[in-house]
Amino acid sequence: MRILTAFVSGGVFGVGLWVSGMTDTRKVIGWLDFFGNWDPTLAFVIGGAIIPMFVAWRLAAWRQVPALGGIFPAAPEPRLDPALIIGSLMFGAGWGLAGLCPGPAIASISWGGLQGAVFLGSMVLGMAVAPRLRGGLESRLKAASSSS
Amino acid sequence: MQSDWIWGLSGGLMIGTAAAIYLLVNGRIMGASGIVGGLIEGTARGVAGERLAFLAGLILVPGLLVVMNGGASTHITQNAGLVIVAGLLVGVGTRLANGCTSGHGVCGISRLSLRGIFATILYILAGAITIVALRQIVGVA
């Protein structure tokens, strides 16, 4: 059952990404182009996506347990650490360069052609090396804070 | 196009509904980078099946609809160097930050998470600056 609902969720997510224009790099780059020919479509996508999830978090707080058992994910510590800042800046730069973020890159793999596959391959490689970079970043920050 | 916002809003509602199903039924955060990254790192092996099923749906369902619709294009740049650099930045960045557009943007903002809101502002800002830089300095895109 968990497998089936995960498949359905992935499918609805993918269709939503395609319908909304998130898999079209021109729409994404147009949305990020605030200082040029700005395309506001993605504001509707993000706004539309937040509405059901806002309700879902309320329902989660009320019901206490997920329908198939287990526990709801705990809220992360409200801490803005360097990894969050550096990572988000890197991600945004890559998003602006190619116009794809992880979900749409995966959803569009069957029609994204060679460059779509190259992007996904590079992204997966980046994800595989990220834990080592995170370790290096944290030890460097620890060294910097202890020497100061 | 004038009707683009209707497609954006309906697609957005579908994205949020998918995240709501994954949260309320499976009890998990629908974050694309977390699902792929978790599989790569082999964390929480008990949920690997769910993660693979999610990815299968994410690839197969829109793929099938696009074929039935006569195809689609991502209009991605043909500059392979740019694509590789972008892919690496997205891969490393989303794992360092522990989330991407779906995890921080959709699931985080809707929970009023400080980290999610902050990350979303930062990556949109970084994307906007990158596009200005590409256009002004390099003269491409």
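Look a little higher up for the structure.
Described below are features of the structure shown in this document.

Conventions we followed
- Residues numbered from 1 in each chain as written.
- Chains lettered and ligands numbered in written order.
- Predicted model: local features only at pLDDT ≥ 70, side-chain atom pairs only at ≥ 80, totals over all residues.
- Heavy atoms only, no water.
- Helix = DSSP H or I, 4+ residues; strand = E, 2+ residues; numbered from the N terminus.
- Rg over C-alpha atoms; globule rule 2.2 N^0.38 Å.
- Buried < 20%, exposed > 50% of the residue type's maximum accessible area, 1.4 Å probe, protein only.
- Areas by Shrake-Rupley, 256 points an atom, 1.4 Å probe, with all protein chains shown as cover.
- Contact = heavy atoms within 4.5 Å.
- Buried area = accessible area lost by both parts, 1.4 Å probe.
- Salt bridge = Lys/Arg side-chain N within 4 Å of Asp/Glu carboxyl O.
- Polar contact = N/O pair within 3.5 Å; in protein donor to acceptor, adjacent residues only side chain to side chain.
- Phe/Tyr/Trp six-rings, centres within 6.5 Å; stacked < 30°, edge-to-face > 60°.

## Looking at the overall build of chain A
Part 1 of the argument: From N to C terminus, chain A includes six helices and zero strands.
Part 2 of the argument: Along chain A, helices and strands appear, N-terminal first, in the series α-α-α-α-α-α.
Part 3 of the argument: Relative to a compact globule of 148 residues, whose C-alpha radius of gyration would be 15 Å, chain A shows 19 Å and is clearly more extended.
Part 4 of the argument: Principal axes of the C-alpha set define a box for chain A whose edges measure 50 × 45 × 30 Å.
Part 5 of the argument: A total of 148 residues make up chain A; the buried ones form 49% of that total.
Part 6 of the argument: Carbon and sulfur atoms form 69% of the exposed surface of chain A, whose accessible area is close to 6900 Å².

## Structural notes on the interface of chain A and chain B
Part 1 of the argument: Listed by partner, the interface residues are 101 residues for chain A and 96 residues for chain B.
Part 2 of the argument: Summed over both partners, the interface of chain A with chain B buries about 9000 Å², with 78% contributed by carbon and sulfur atoms.
Part 3 of the argument: For the pair chain A and chain B, the number of links is four salt bridges.
Part 4 of the argument: Residue R135(B) is joined to D33(A) by a salt bridge in which the shortest nitrogen-to-oxygen separation is 2.4 Å.
Part 5 of the argument: Run the count over chain A and chain B and you get 23 residue pairs in polar contact (both at pLDDT 80 or more).

## As for the packing of aromatic side chains
Part 1 of the argument: Considering all chains together, one arrives at nine aromatic pairs over all chains under this definition.
Part 2 of the argument: Consider the rings of F91(A) and W95(A), whose centres lie 6.0 Å apart with planes at 25°: the pair is stacked. Residue F91(A) and its partner W95(A) are both found in helix α4 (residues 82-98); the two are separated by four residues, about one turn of the helix. Taken as a pair, F91(A) and W95(A) share a single burial class, namely buried.
Part 3 of the argument: Grouping aromatic residues by their ring pairs yields a cluster made of F13(A), Y22(B) and F54(B).

## Observations concerning the pattern of salt bridges
All names here are of chain A.
Part 1 of the argument: Under the criterion given, the structure shown has eight salt bridges over all chains.
Part 2 of the argument: Measuring nitrogen to oxygen at the nearest pair gives 3.9 Å for the salt bridge that ties R26 to D24.
Part 3 of the argument: Residue classification places D24 among the buried residues on the basis of a relative accessible area of 14%.
Part 4 of the argument: In this structure, the salt-bridge partner of R134 is E138, at a minimum N-O distance of 3.8 Å. One end of the pair, R134, and the other, E138, are both in helix α6 (residues 113-147), four residues apart, so they sit about a helical turn from each other.
Part 5 of the argument: Of the residues examined, R134 reaches a relative accessible area of 21% and is grouped as partly exposed.

## Thoughts on the environment of V85(B)
Part 1 of the argument: When you line up the elements, V85(B) lands in helix α4 (residues 80-96).
Part 2 of the argument: Along the backbone, V85(B) and T130(B) are 45 residues apart, and their C-alpha atoms lie at a distance of 13 Å.

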